[in-house]
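Reading the structure
Residue-level listing of the chains:
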Amino acid sequence: MATLTTARRIVVKIGSALLVDRRSGQLRVDWLHALAQDVAMLRARGADVLLVSSGSIALGRSVLGLGNSDLALEQSQAAAAVGQIRLARAYEEALAPHDITTAQVLVTLEDSADRRRYLNTRATLGTLLGMNVVPIVNENDTVATDEIRYGDNDRLAAQIAVTVGADLLVLLSDIDGFYSANPSQDPSARRFDVIDRITPEIEAMAGDAGSGLSKGGMKTKLMAAHMAMTGGCGMVITEGSPNRPLSLLEQGANATWFTAQEDPQLARKRWIGAMKPRGEVYVDAGAERALRRGTSLLPAGVTRLGGDFGRGDPVSIIGPGGPLGLGLIRYTAEEAGRIRGCHSSEIEERLGYPGRAALIHRDDMAVSLAVETG
Ligand code: ADP
């Protein structure tokens, strides 16, 4: 399984308590600048890095003078709106000296529940990573309401990790791992080094959060671990408060590692392969050969379409000799009909607006590949 040294795509989750001093409500600037050094170290090695960071409400509440009392939903949302802009600027200022460009990405639960939005999130994040940008992801607290919000960035981070096909998710916490009981209540609790499977016994050991700023606790971290592990991504919980926690992790700091069950590409293909198709895309022999080599499906190879599917829906891909597999299509049935058989350069003219070159991207496809011989 991927370690910090071997991982190619890493999501790091940073909790409010690390970033914002609980008493003063001020940003811990020195800590953030040290973290930026760690991020620069990973980037220099060629790893893609995404940061999932909370802290907008904690920062905004001090700017607005809201004190430490409980906030009404609309007050939290107002605080998030004020705090988020500062949070994003703080990351930008910390990473810019390392020549790292940052991007702010705000998501809500629907971005992953709804397949079309999910594909958009995936495409945007993929494009940013392709341009060497470090996305700073947070829940869009300003529009999220109580019912739909993740409420904790542990699960949001796991969702993002699986969405972008990361191989490692690092949760920087206020504790150095997962214990057999909440150590603040049970001094005999022992830390696990590795957890390969989340059993009911493990679940029973997880308690709620101890600190005032965080909502998660170990229960949401186990849910995150489950999401990550089944999505092919390893996860590690380590203490984030010392300066340069990622370097420390690499040097063997205390942590609990959760093992990925399989590689992220395979997990994703299995997920797509199990979907119920909403339509059919018939392709010619040339396209079939290309798909078996692992390329994306372009409109040029499509001969016929069936069914009434929407953007992001699963469709069967059928070659001259029979079904090849499933994929998530990037166009509606109506759009696909208009660009069927045409060259990529003609897509915009046929549609009247620019579109993506691939009808089905290779990452969104579960087609068995040809065995290379010779
Ligand atoms: P974060 O800083 O990541 O937001 P949380 O405060 O949400 O951290 O969760 C970590 C806290 O969870 C710990 O400080 C501890 O009080 C509590 N906790 C409950 N059960 C456990 C457990 N089995 N092992 C470790 N910590 C636990």
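Please read these numbers as outputs of a predicted model, since none were measured by experiment. (Residues numbered from 1 in each chain as written. Predicted model: local features only at pLDDT ≥ 70, side-chain atom pairs only at ≥ 80, totals over all residues. Heavy atoms only, no water.)

Attention now moves to helix α3 (residues 56–63). For α3, the buried fraction is high: six of the eight residues fall into the buried class. Among all positions of α3, only Ser56, Ile57, Ala58, Leu59, Gly60 and Arg61 are buried. Against α4 (73–95) and β4 (134–139) lie the buried residues of α3. (Buried < 20%, exposed > 50% of the residue type's maximum accessible area, 1.4 Å probe, protein only. Helix = DSSP H or I, 4+ residues; strand = E, 2+ residues; numbered from the N terminus. Contact = heavy atoms within 4.5 Å.)

A few words now on the packing of aromatic side chains. Counting across every chain of the model gives one aromatic pair. Between the aromatic rings of phenylalanine 178 and phenylalanine 192, the centroid separation amounts to 5.9 Å while the plane-to-plane angle is 40°, which identifies the pairing as tilted. Residue phenylalanine 178 is found in the loop between β5 (168–173) and β6 (194–195), and its partner phenylalanine 192 is found in the loop between β5 and β6; the two are separated by 14 residues along the sequence. A relative accessible area of 23% places phenylalanine 192 in the partly exposed class. Lying across the ring of tyrosine 282, arginine 304 places its NZ or CZ 4.0 Å from the centre. (Phe/Tyr/Trp six-rings, centres within 6.5 Å; stacked < 30°, edge-to-face > 60°. Lys NZ or Arg CZ within 6 Å of the ring centre and 35° of its normal.)

This paragraph deals with the packing of helix α2 (residues 29–44) against α4. Viewed as axis vectors pointing N to C, α2 and α4 meet at an angle of 55°, and their least axial separation amounts to 9 Å. Taken together, α2 and α4 sit at an angle that is classed as oblique. Both α2 and α4 take part in a crossing whose hand is right-handed. For the pair formed by α2 and α4, the contact residues are Leu32, His33, Ala36 and Val39 on the first element and Ala90, Tyr91, Glu93, Ala94 and Leu95 on the second. (Axes fitted to C-alpha atoms, helices over the stretch in contact; angles between N-to-C directions. Parallel < 35°, antiparallel > 145°, perpendicular 65-115°, else oblique. Left-handed = near helix turned anticlockwise from the far one by under 90°.)

Moving on, we get to the UniProt feature "binding site: substrate" (unreviewed entry) in the chain. Mapped onto the present numbering, the UniProt feature "binding site: substrate" (unreviewed entry) falls on Ser54, Asp141 and Asn153. Judged by maximum C-alpha separation, these annotated positions cover 100 residues in sequence but sit close together in space, the widest gap being only 11.2 Å. Relative to the elements of secondary structure, aspartate 141 occurs in the loop between β4 and α7 (153–163). Overall, the relative accessible area of 7% leaves aspartate 141 in the buried class. One can find asparagine 153 in helix α7. A residue is classified by how much of its surface remains accessible, and asparagine 153, at 8% relative accessible area, is buried. When neighbours within four sequence positions are excluded, asparagine 153 is seen to be in contact with Lys13, Val52, Ser53, Ser54, Asn138 and Glu139. One polar contact links asparagine 153 to asparagine 138, side chain to side chain, over a distance of 3.2 Å. (UniProt positions renumbered as here; feature names shortened; annotations may be inferred. Polar contact = N/O pair within 3.5 Å; in protein donor to acceptor, adjacent residues only side chain to side chain.)

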